[in-house]
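Close look at the chain arrangement
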Amino acid sequence: MKVLVRSFLFMFVIVVNGQSIEEPPEKNQPSSLTGIAVTGHAYPVSAIGDVHKSFMVQYGVTKSLQLELQGFYDTYILSERFRSSLMVKYYLNKRLYLLSGLDAEIATENSEVGQAPYRLGFVAGMGYDVTENFMLEIKSSIQLNETGIGAFGETQIEMPSVYTIGSKWKF
């Protein structure tokens, strides 16, 4: 577990101090597909002690193919989790893309009570870049292993598959 936490902290330092290398976009090519982009954010610690941090590394392989590595560190009242996903995005046109990849989540706390095994899932979906700074995504995550991890790391709520609709606003 210590190796995982150290790896996350190492990536967090890279995100905080990293640089975004971008080439000027070509005509009819989304600017998010050029070069390497590293982003990250963290929310302030809440009144009940929740912590939420994340990072994302994007790499444009070709004009229509992009790789993403994402990491999420979350603490809740009873659990501490690290989730990471490796995604492939394939742009069908200038704005519409398909995505697919693997998602893994593990408990990072040293609690012997209610220790749940890791969760491994296959993610598939599609997205649309509304503008350069706003996107919408629809994703499905199908669990590949038997696990007791449920919503927000809860062991009491079963969550075999997840369907999400999300958006991201970059500023």
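Just so you know, these numbers come straight off a predicted model, no measurement behind them.

Rules used throughout
Residues numbered from 1 in each chain as written. Predicted model: local features only at pLDDT ≥ 70, side-chain atom pairs only at ≥ 80, totals over all residues. Heavy atoms only, no water. Helix = DSSP H or I, 4+ residues; strand = E, 2+ residues; numbered from the N terminus. Buried < 20%, exposed > 50% of the residue type's maximum accessible area, 1.4 Å probe, protein only. Contact = heavy atoms within 4.5 Å. Areas by Shrake-Rupley, 256 points an atom, 1.4 Å probe, with all protein chains shown as cover. Phe/Tyr/Trp six-rings, centres within 6.5 Å; stacked < 30°, edge-to-face > 60°. Lys NZ or Arg CZ within 6 Å of the ring centre and 35° of its normal. Pairing = 2+ DSSP bridges. pLDDT = per-residue confidence, 0-100.

Let's shift gears to the overall build of the protein. Along the backbone of the protein there are one helix and eight strands. Beginning at the N terminus, the succession of helices and strands in the protein can be written as α-β-β-β-β-β-β-β-β. Counting the 171 residues in the protein, one finds 32% classified as buried. Intrachain contacts of the protein at a sequence separation of at least 6 include 44% that bridge at least 24 residues. Just so you have it, the protein exposes about 10900 Å², and 63% of that area is on carbon and sulfur atoms.

Turning our attention to the packing of aromatic side chains. Evaluated as defined, the whole model comprises one aromatic pair. Relative to Tyr 97, the ring of Tyr 91 lies with its centre 5.0 Å away and its plane at 45 degrees, an arrangement referred to as tilted. Residue classification places Tyr 91 among the buried residues on the basis of a relative accessible area of 4%. Taking relative accessible area as the criterion, Tyr 97 reaches 0% and is therefore assigned buried. Here the basic side chain of Arg 83 rests over the ring of Phe 72, its NZ or CZ set 4.2 Å away from the ring centre.

Next up on the list: the pairing of strand E2 (residues 51-60). Sheet analysis places strand E1 (residues 36-43) next to E2, joined by eight bridges and oriented antiparallel. Bridge pairing in E2 places Val 38 opposite Val 57. Direction of pairing for E2 relative to strand E3 (residues 65-75): antiparallel, over a ladder of 10 bridges. Within the sheet, the bridge partner assigned to Lys 53 lies in E3 and is Tyr 73. Here E2 folds back onto E3 in antiparallel fashion, the turn holding four residues.

For the protein, per-residue confidence averages 75 on the pLDDT scale, and residues scoring 70 or more make up 65% of the total. Between the elements of the protein, mean pLDDT differs from a low of 55, seen in helix H1 (residues 2-17), to a high of 91, seen in strand E6 (residues 119-131). Note that residues 18-31 has pLDDT below 50 and, in this model, 17 contacts with residues that lie over four places away or in other chains.

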